[in-house]
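Descriptive structure summary
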Amino acid sequence: MPRGRYSLHDPHDRTPLGDEHFQCAAGPSGWRYVSTTTAPSGERTASADLSIDALGRPIRLQLHSADWQVRAALLDGVTWVRTDPSGEHATEGNVAAHGFTGASPAFYVALARLLRLTPGGPSTRIRLVAFTAPVLAPLTVDQSWALVGRTPHPTDNGVLNVDEYQVSALDTGERHTVHLAGDVVLSAPGIELEDLESPPTVFD
């Protein structure tokens, strides 16, 4: 059960944004990721709880940020309920999309499991609903994912493969690189792995 800490920063000027403390676990029915995000002051600012099934499909998502809350799942596309800080009003949404994305590194792992790309193979287009911080506003986005390389690294627990993904935003053409090792993000825009208490889970 990997447990650790990501540091978060602005990808443009590297201003520190805080840390995401996480733990995740894989099982026969899928994979679950739970995290708490803290500001540089140490104040808790957000949390995430994501479960995917064995095929990588999001079966449950709960996000909290700035007193806003989202609960979402794969249902007739993707469906969510977003609640305001007062708790008096809730809005529902539904989009024909494949999954979710957002600030948490968990989404990179989940999408890699969903797509199951082949190293050096063609890119795949995917439609997602992004929940943008800090108010978790939903935004439908189209991305292109390609697994450009897989590099084996020897460790005390055997060989660990590091996958390099190229992710492109289809509306702007902006591209960025994501490095994954099992169910842990090694690096991505605005994300760096700082501490890891146990090795990543290697998916079949």
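The model shown is predicted, which means the values in this text are computed figures rather than measured ones. (Residues numbered from 1 in each chain as written. Predicted model: local features only at pLDDT ≥ 70, side-chain atom pairs only at ≥ 80, totals over all residues. Heavy atoms only, no water.)

Let's talk about the overall build of the chain
Rule in force here: Helix and strand assignments follow DSSP, with helices taken as H or I runs no shorter than four residues and strands as E runs no shorter than two, numbered in order from the N terminus. Only C-alpha atoms enter the radius of gyration, while the globule expectation follows 2.2 Å times N to the 0.38, with N the number of residues. Exposure is judged per residue with a 1.4 Å probe applied to protein chains only, and the accessible area is read against the type maximum: over 50% gives exposed, under 20% gives buried, and values in between give partly exposed.
A tally of regular secondary structure across the chain gives 1 helix and 15 strands. Here the C-alpha atoms of the chain give a radius of gyration of 16 Å, agreeing with the 17 Å that 2.2 N^0.38 yields for 204 residues. In terms of overall dimensions, the chain has C-alpha extents of about 55 × 40 × 40 Å along its principal axes. Taken across its 204 residues, the chain has 44% of its residues classed as buried.

A closer look at the packing of aromatic side chains
Let me state the cut-off plainly: Working definition: rings of Phe, Tyr and Trp (its six-membered ring) pair if their centres are within 6.5 Å, and the pair is stacked with planes under 30 degrees apart, edge-to-face with planes over 60 apart, and tilted otherwise.
Under the counting rule described, the total for this entry stands at 7 aromatic pairs. Between Y6 and F22, the aromatic rings sit 4.5 Å apart at their centres with planes inclined by 20°, giving stacked as the arrangement. With Y6 in strand β1 (residues 3-9) and F22 in strand β2 (residues 16-27), this pair connects stretches of sequence that are 16 residues apart. Seen from their ring centres, W80 and F131 are 5.9 Å apart, and the 80° between their planes marks the pair as edge-to-face. Note that W80 is positioned in strand β7 (residues 78-83) and F131 in strand β10 (residues 124-132), a separation of 51 residues in sequence. Each of the two residues, W80 as well as F131, counts as buried. Within the aromatic cluster, the residues linked to one another by ring pairs are Y6, F22, W31 and Y33.

Describing unusual backbone geometry
Residues A133 and P134 are joined by a peptide bond in cis, for which omega reads 0°. Within the fold, P134 resides in the loop between β10 and β11 (137-155). Phi is positive for D67, which is not a glycine, with a value near 70°. The topology assignment puts D67 in the loop between β5 (58-65) and β6 (68-74). Unlike most non-glycine residues, L136 shows phi in positive territory, near 60°. With respect to the helices, strands and loops of the structure, L136 is situated in the loop between β10 and β11.

Some thoughts on helix α1 (residues 106-115)
The buried fraction of α1 is high, at 9 of 10 residues. Turning to α1, its buried residues are A106, F107, Y108, V109, A110, L111, A112, R113 and L115. Among the residues trailing α1, R116 stands out with phi positive, at a value near 50°.

What to know about the environment of T177
Looking at the secondary structure, you find T177 in strand β13 (residues 175-181). For the pair T177 and L147, spaced 30 residues apart in sequence, the C-alpha separation works out to 9.9 Å.

Examining the environment of H12
For H12, the location among the structural elements is in the loop between β1 and β2. For the pair H12 and V141, spaced 129 residues apart in the sequence, the C-alpha separation amounts to 20 Å.

Quick notes on the nonpolar core
Spelled out, the test is: The definition of a nonpolar core used throughout is a set of buried Ala, Val, Leu, Ile, Met, Phe, Trp, Tyr and Cys residues joined through side-chain atoms within 4.5 Å. Should any heavy atoms of two residues lie within 4.5 Å, those residues are counted as being in contact.
In this structure, F131, W145 and V185 are the most contacted members of the largest nonpolar core, which totals 45 residues. Examining the composition of this core, we find that 8 residues originate from one element, α1, more than from any other. Excluding residues within four positions of it along the chain, F131 makes contact with L61, L63, V70, W80, F100, T101, G102, L136, A137 and P138.

Details of the pattern of salt bridges
How we decide: Think of a salt bridge as a Lys or Arg side-chain nitrogen and an Asp or Glu carboxyl oxygen that are within 4 Å of each other.
Tallied over the entire structure, the rule returns 9 salt bridges. In the salt-bridge network here, residues are joined through shared partners; they are R5, D19 and D195.

Observations regarding the side chain of D142
As for its position among the elements, D142 is in strand β11. Assessed through its relative accessible area of 19%, D142 is described here as buried. Setting aside residues up to four positions removed in sequence, D142 forms contacts with R125, I126, R127, S168, A169 and L170.

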